[in-house]
Amino acid sequence: MNNVKGKDAVSNSIYVILGASGNTGSIIADSLLSKGKKVRVVGREAGRLQRFVRQGAEVFTGDVSDATALSKAFSGARAAYLMLPPITSREDQERESDAIAQAVKESGLGYAVHLSSYGAHVPEGTGPVTGLHSAEQKLNAIGGLNVLHLRAAYFMENNLAAIGMIQGMGIFGHALLPDLKLPMTATRDVGDYAAQRLLDLDFSGKQTRELLGQRDLSMAEATAIIARGIGKPDLRYEQFPYDQVQQGLEQMGMSRKKAAVYIEMFKAINAGVLAALEPRSRENTTPTSFETFVQDVFAPAYHGKPRAA
């Protein structure tokens, strides 16, 4: 890398983690810190990053739509974990990916692992994933950047949003087709994989890697596993009409525009437009089964028990 002299200097340079308080970023930060690496965690709220400070991390507060601040955050970094925050609007996604790309270019960052999504090869019509396609394109246009786009499967944690419905209505309702098998992965596995690739820096140029979970599952199959895991054997899955799901998302606090972006994604999944490109292999299969996720994460959340640190 530029401005780094000698092997010791390289080994001591810093790793920058965007979204460090989130599901994947926190795993990466913990992993790198546990190996004695220098880590700079980036977030809007310093308070949410204090647990990393106690492990020796450096905190950088800034917004991902602020290219000047991000350029400072990336300064002197060996590598960075890049991600867009949860979508507020497609317009915000574009502003955020513009700022990240500009900061990467201005800082001269040499290596990045970028959290994307399966289906990001599709240029439009996939809801939030359209923004990830755009982010990939912007990073790919930066000369000298070695970037690995992790096209993660549907997150198992997305199913946690159904807990209130299961408790209140006794069903698991969603817009997705009941018998359509889709790849589902645990965010912990994505974080573990990203951390290892950041440590190895064994990629060059512009690369992609799908992470497809332990196996493909339909929503009906996932619901049956949840039913066993929470002790509700009669729990069933029901596909809701798109307009009903849109209404439900708005009642949860989403704007009409934001909810519509998610509906677009669900339609793309159901139509087979948003789907994996790679055949399942040892390289893109991740270890955590849905049964383990339900046991370790879903059931404790359902029963109101805190997750183990």
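Before any of the text, the structure's been laid out above.
Presented here is an overview of the structure given in this document. Predicted model, so just to flag it, every value in this text is computed and none were measured.

How each quantity is defined
Residues numbered from 1 in each chain as written. Predicted model: local features only at pLDDT ≥ 70, side-chain atom pairs only at ≥ 80, totals over all residues. Heavy atoms only, no water. Buried < 20%, exposed > 50% of the residue type's maximum accessible area, 1.4 Å probe, protein only. Helix = DSSP H or I, 4+ residues; strand = E, 2+ residues; numbered from the N terminus. Pairing = 2+ DSSP bridges. Right-handed = clockwise from strand over helix to strand, strands pointing away. Contact = heavy atoms within 4.5 Å. Expected span 1.5 Å × (residues − 1). Bend = angle between axes of the 7 residues up to and from the residue. 1 Å grid on protein atoms, 1.4 Å probe; cavity = no way out; pocket = protein on both sides within 12 Å on 5 of 7 lines; lining within 4 Å. Points joined across faces, edges and corners; volume = space filled by probe spheres on them. Nonpolar A, V, L, I, M, F, W, Y, C, P; charged D, E, K, R; others polar. Phe/Tyr/Trp six-rings, centres within 6.5 Å; stacked < 30°, edge-to-face > 60°. Lys NZ or Arg CZ within 6 Å of the ring centre and 35° of its normal.

What about the pairing of strand S5 (residues 111-117)?
Step number 1: Counting buried residues along S5, six of its seven residues qualify, which places the element largely inside the surrounding structure.
Step number 2: Pairing of strand S4 (residues 77-82) with S5, which is carried by three bridges, proceeds in the parallel orientation. Within S5, the position partnered with Leu 82 by the bridge is His 114.
Step number 3: Handedness of the crossover joining S4 and S5 through helix H5 (residues 90-107) is recorded here as right-handed.
Step number 4: Both S5 and strand S6 (residues 146-152) contribute to a ladder of seven bridges, which runs parallel. Looking across to S6, one finds that Ala 112 is bridged to Val 147.
Step number 5: After leaving S5, the chain enters helix H6 (residues 128-140) and then returns to the sheet as S6, a path that is right-handed.

Some points on the side chain of Glu 96
Step number 1: Mapped onto the elements of the fold, Glu 96 is located in helix H5.
Step number 2: Once residues within four sequence positions are removed from consideration, Glu 96 is found in contact with Val 64, Ser 65, Leu 84 and Pro 85.

Focus: the sheet that holds strand S9 (residues 182-185)
Step number 1: Taken in spatial order, the three strands line up as S7-S9-S11 in an open sheet, and their pairing is mixed. Both outer strands of the open sheet, strand S7 (154-155) and strand S11 (216-217), are each paired with one neighbouring strand and no more.
Step number 2: Of the strand pairs in this sheet, S9 and S11 are connected by two bridges, and their pairing is antiparallel. Looking at the pairing, Pro 183 lines up with Asp 216 of S11.

A look at helix H12 (residues 290-302)
Step number 1: For H12, with 13 residues, the first-to-last C-alpha span of 15 Å runs short of the 18 Å given by 1.5 Å per residue.
Step number 2: Along H12, the sharpest change in direction is near 30° and occurs at Asp 296; proline Pro 300 comes one to four residues later.
Step number 3: Within the span of H12, buried status applies to Phe 290, Phe 293, Val 294, Val 297, Phe 298, Ala 299, Pro 300 and Tyr 302.
Step number 4: Elements that come into contact with the buried residues of H12 comprise helix H7 (163-169), S9, S11 and helix H9 (219-230).
Step number 5: Remark: Gly 304 follows H12 within two positions and exhibits a positive phi of approximately 75°.

A word on empty space enclosed by the protein
Step number 1: Considering all chains together, one arrives at one cavity of 30 Å³ or more under this definition.
Step number 2: Each pocket or cavity is described by its volume, and for the largest cavity that value is around 50 Å³.
Step number 3: Mapped by element, the contributors of at least two residues to the lining of the largest cavity are H5 and H6.
Step number 4: A class-by-class count of the residues in the lining of the largest cavity yields seven nonpolar, two polar and one charged.

Let's talk about the packing of aromatic side chains
Step number 1: Overall, the coordinates contain three aromatic pairs when judged by the stated rule.
Step number 2: A centroid spacing of 5.6 Å and a plane angle of 80° characterise the contact between Tyr 111 and Phe 203, whose relative ring orientation is edge-to-face. Taken as a pair, Tyr 111 in strand S5 and Phe 203 in the loop between helix H8 (187-200) and strand S10 (206-211) lie far apart in primary sequence, 92 residues in all.
Step number 3: Judged by relative accessible area, Phe 203 falls into the buried class, the value being 2%.
Step number 4: Sitting over the face of the ring of Tyr 242, Lys 267 holds its NZ or CZ atom 5.2 Å from the ring centroid.

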